[in-house]
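Close look at the chain arrangement
Given next are the chains, with one letter for each unit.
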Amino acid sequence: MNTSQKMKHFPTFMILLGIVNVLVEISVAVIRILLKVVITEHFVTLYQSLSIIEPYVKMALETAIVLLFVIIIIRGKNDLDRVMIVIWGFVTIGVQILYYISSYYYGMLVHEMMSDLSPYEYGTFYASTHVFKYAPMFIGLIMGIIITGAILRDKWLVLICLILSISYIACYGTEDMIPVVLPNGSQLGLVIPALIFHITESIGILLMGIYCKKKYTS
């Protein structure tokens, strides 16, 4: 494989994945805030339904993008495109399935602990262990970026991975959430590892696609 070869489809592939993730994250955040502000008797049901529906919608959109670009690279002759799209296709689908499985069992654990702990103890437990929920997918994203950087011999991608990894590891054992007070007086607790993960998965992937498009396309 010629690593000096220019890429044609991979940057667009990453930009589309980034856009999907950004739109999903924004939509979910807005809906959750609205459900908190306009609390109804069906609040819990709506909140739980959103958590169930979100992964399927996101996975369906991303799978469609992966399949589309797999068809494109099969017909094309760009080896660099093929390698990159296969790597990130595996991260997008394969690693994400593992992430959803681990998230399911984490959710069961959190649900059980909710009835055994006081509200303060539960909040501390939730914040300090939330980092494990995102670990499989975050590791997949970091490995994808590192491999991409290694293949392209791009030191900046590797450096970004190092910074993200140190930031995420530093969150282990963090017991505090960032409180956000809404107009109606209710609060949302933002967990730092979750913020790092979601920003990396959405804005990070989008910016990486734009970066690759500017630097590595013909």
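In what follows, the accompanying structure is described.

About the thresholds
- Residues numbered from 1 in each chain as written.
- Predicted model: local features only at pLDDT ≥ 70, side-chain atom pairs only at ≥ 80, totals over all residues.
- Heavy atoms only, no water.
- Helix = DSSP H or I, 4+ residues; strand = E, 2+ residues; numbered from the N terminus.
- Buried < 20%, exposed > 50% of the residue type's maximum accessible area, 1.4 Å probe, protein only.
- Contact = heavy atoms within 4.5 Å.
- Salt bridge = Lys/Arg side-chain N within 4 Å of Asp/Glu carboxyl O.
- Expected span 1.5 Å × (residues − 1).
- Bend = angle between axes of the 7 residues up to and from the residue.
- Polar contact = N/O pair within 3.5 Å; in protein donor to acceptor, adjacent residues only side chain to side chain.
- Core = buried A, V, L, I, M, F, W, Y, C linked by side-chain atoms within 4.5 Å.
- Lys, Arg positive; Asp, Glu negative; His and termini not counted.

Details of the overall build of the protein chain
Counting secondary structure elements, the protein chain contains 6 helices and 2 strands. Along its sequence from the N terminus, the protein chain presents helices and strands in the succession α-α-α-α-α-β-β-α. Expressed as a percentage of the 218 residues in the protein chain, the buried residues total 40%. Taking contacts inside the protein chain between residues at least 6 apart in sequence as the whole, the part at least 24 apart equals 77%.

Regarding the pattern of salt bridges
Taken as a whole, this structure holds 4 salt bridges when the rule is applied. Between E201 and K58 there is a salt bridge whose closest N-O contact spans 2.8 Å. On the criterion of sequence distance, the pair formed by E201 in helix α6 (residues 192-216) and K58 in helix α2 (residues 43-75) is long-range, its members being 143 residues apart. Classification of E201 by relative accessible area gives buried; the value is 5%. In this structure, a network of salt bridges that share partners links the residues K58, E62 and E201.

Side note on helix α3 (residues 79-116)
Taking 1.5 Å of rise per residue, the 38 residues of α3 would be expected to cover 56 Å, and the 55 Å separating its terminal C-alpha atoms lies within 8% of that figure. At Q96, α3 shows its largest bend, some 30°. At the N-terminal end of α3, a side-chain oxygen is found 3.1 Å from the backbone nitrogen of L80, two or three residues along, and the residue is N78.

With respect to the nonpolar core
The biggest cluster of nonpolar side chains holds 42 residues, and the ones touching the most others in it are M7, F10, F13, M14, W88, L152 and M208. Listed by contribution, the elements that provide at least two residues to this core are α1 (10-37), α2, α3, α4 (119-152), α5 (155-169) and α6. With 9 residues, the single largest contributor to this core is α4. Residues within four places of W88 in sequence aside, it is in contact with F10, F13, M14, L141, G144, I145, T148, I205 and M208.

Overview of the side chain of E25
Checked against the element boundaries, E25 lands in helix α1. Despite being buried, E25 has no salt bridge partner; K58 is the closest side chain of opposite charge, sitting 5.9 Å away. Not counting the four nearest positions on each side in its chain, E25 is found in contact with H198, E201 and S202.

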